[in-house]
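Single-letter residue listing:
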Amino acid sequence: MVSQLISYRKESHLTQTELARKIHVSRQTISHWETGKSTPDIQSLVLLCDLYHVTLKELLSSDAASMKANASLKHNRKLCIGIGATIIATYVSLLGSRWILFTYSMMLVSSFSTLGIVLSLMLIHSTSSFRLNTVGQLTNYITTGKIPVGRHSKISNRKITILAISGAIFGFILSFLIGISFLGWHI
């Protein structure tokens, strides 16, 4: 709840003193809440919810989400390592067609690509409740273990589609360049 209290106060562009005046407590009380030395009473929680236009559940939800995020962090880091490894293995398999039969190389490419997709879907499922909408938020969670707090904007389906198409185009271009540069493909 500490991170939520700080986040909502800062989103509202309030200092601790200004917030204290609005909900009729001292600045030291706000400081104690934000450092975890004490917690707001129910009356203060209701005033905070009214001030920030959030429900009590939204104000307190960070604690449950943070505990879940911390519990699954090690597993999610392993998934990210696996995804990175499958990306590398996919392109190494493509390069391998220079030394092994093309059919075997393509079987490896297909296998590693499929494994990467499965691992990616597992990561998406595992982190979906954390409202990680950007690569930056996901990277921050994986490196620091912290999930973003405060109000979350939902990423649009149009933006997801554009990113997916961009990723597919990038993968196609990279594969094509490897084929031309290292495998002797001709246009």
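Residues numbered from 1 in each chain as written. Predicted model: local features only at pLDDT ≥ 70, side-chain atom pairs only at ≥ 80, totals over all residues. Heavy atoms only, no water.

### Here we look at the overall build of the chain
Applicable threshold: Counting from the N terminus, the helices are DSSP H or I runs at least four residues long and the strands are E runs at least two residues long. Only protein chains enter the calculation, and the probe is 1.4 Å; a residue is then buried if its accessible area is under 20% of its type maximum, exposed if over 50%, and partly exposed in between. We call two residues in contact whenever any of their non-hydrogen atoms come within 4.5 Å of each other. The charged-residue count follows a simple rule in which Lys and Arg add positive charge and Asp and Glu add negative charge, with His and chain termini not counted at all. The atoms used to mark charge sites are NZ of Lys, CZ of Arg, CG of Asp and CD of Glu.
Helices and strands together make up the secondary structure of the chain, namely 8 helices and 0 strands. For the chain, the N- to C-terminal ordering of α and β elements is α-α-α-α-α-α-α-α. With the C-alpha coordinates aligned to their principal axes, the bounding extent of the chain is approximately 75 × 30 × 20 Å. By the burial criterion, 31% of the 187 residues in the chain qualify as buried. Considering only contacts in the chain between residues 6 or more positions apart, those separated by 24 or more positions represent 61%. Side-chain charges of the chain comprise 18 positive and 7 negative groups, with the mean position of each set lying 14 Å from the other.

### Overview of the confidence of the model for the chain
Detailed reading of the predicted coordinates is not advisable wherever pLDDT is low. Selection rule: The score called pLDDT rates the predictor's confidence residue by residue, from a low of 0 to a high of 100.
This prediction gives the chain a mean pLDDT of 86; 92% of its residues lie at or above 70. By mean pLDDT, helix H1 (residues 2–11) is the weakest element of the chain at 83, and helix H2 (residues 16–23) is the strongest at 94.

### Things to note about the nonpolar core
To be explicit about the condition: Residues enter a nonpolar core if they are buried and are Ala, Val, Leu, Ile, Met, Phe, Trp, Tyr or Cys, with the set joined through side-chain atoms within 4.5 Å.
Core analysis: the biggest nonpolar cluster contains 14 residues, and Leu 19, Leu 48, Tyr 52 and Leu 59 have the highest contact counts within it. Sorting the residues of this core by element identifies H1, H2, helix H3 (27–35) and helix H4 (42–52) as the ones contributing at least two each. Here the element with the most residues in this core is H4; it accounts for 4 residues. Within the second largest apolar cluster, 7 residues are counted, among which are Leu 73, Phe 130, Leu 132 and Ile 147.

### Points about the pattern of salt bridges
Put simply, the rule is: Salt bridge criterion: a side-chain nitrogen from Lys or Arg within 4 Å of a carboxyl oxygen from Asp or Glu.
All chains considered together, the criterion is met by 1 salt bridge. The partner of Glu 34 in a salt bridge is Arg 9, and the shortest N-O contact between them spans 2.6 Å. Taken together, the positions of Glu 34 in helix H3 and Arg 9 in helix H1 put the pair 25 residues apart, joining distant regions of the chain. Taken individually, Glu 34 and Arg 9 each receive the classification buried, so the pair is uniform in this respect.

### Examining unusual backbone geometry
The backbone phi angle of His 24 is positive, close to 65°, even though this residue is not glycine. Inspection of the secondary structure puts His 24 in the loop between H2 and H3. Non-glycine residue His 53 carries a positive phi angle of around 60°.

### A few points about the side chain of Asn 76
Heads up, the condition is: Side-chain atoms alone can form a polar contact between residues adjacent in sequence; in general such a contact is a pair of N or O atoms within 3.5 Å, and within protein one must be able to donate a hydrogen while the other accepts it.
With respect to the helices and strands, Asn 76 occurs in helix H5 (residues 56–96). Overall, the relative accessible area of 0% leaves Asn 76 in the buried class. Side-chain polar atoms of Asn 76 contact the side chain of Tyr 141, separated by 2.9 Å. Once residues within four sequence positions are removed from consideration, Asn 76 is found in contact with Leu 123, Ser 126, Thr 127, Phe 130, Tyr 141 and Ile 142.

### Here's the deal with the packing of aromatic side chains
Our working rule: Between rings of Phe, Tyr and Trp, where Trp is taken as its six-membered ring, a pair exists when centres lie within 6.5 Å; planes separated by under 30 degrees are stacked, by over 60 edge-to-face, and by other angles tilted.
For the structure on display, the rule yields 2 aromatic pairs. Taking 5.5 Å as the distance between ring centres and 20° as the angle between the ring planes, the aromatic pair formed by Tyr 8 and Tyr 52 counts as stacked. Here Tyr 8, found in helix H1, pairs with Tyr 52, found in helix H4; they are 44 residues apart in sequence, far enough to count as distant. Just as Tyr 8 is buried, Tyr 52 falls in that class too. On the basis of an interplanar angle of 15° and a centroid distance of 6.0 Å, the ring pair of Phe 172 and Phe 176 is categorised as stacked. Here Phe 172 and its partner Phe 176 are both found in helix H8 (residues 157–182), 4 residues apart, which amounts to about one turn of the helix. We classify Phe 172 as exposed; its relative accessible area is 57%.

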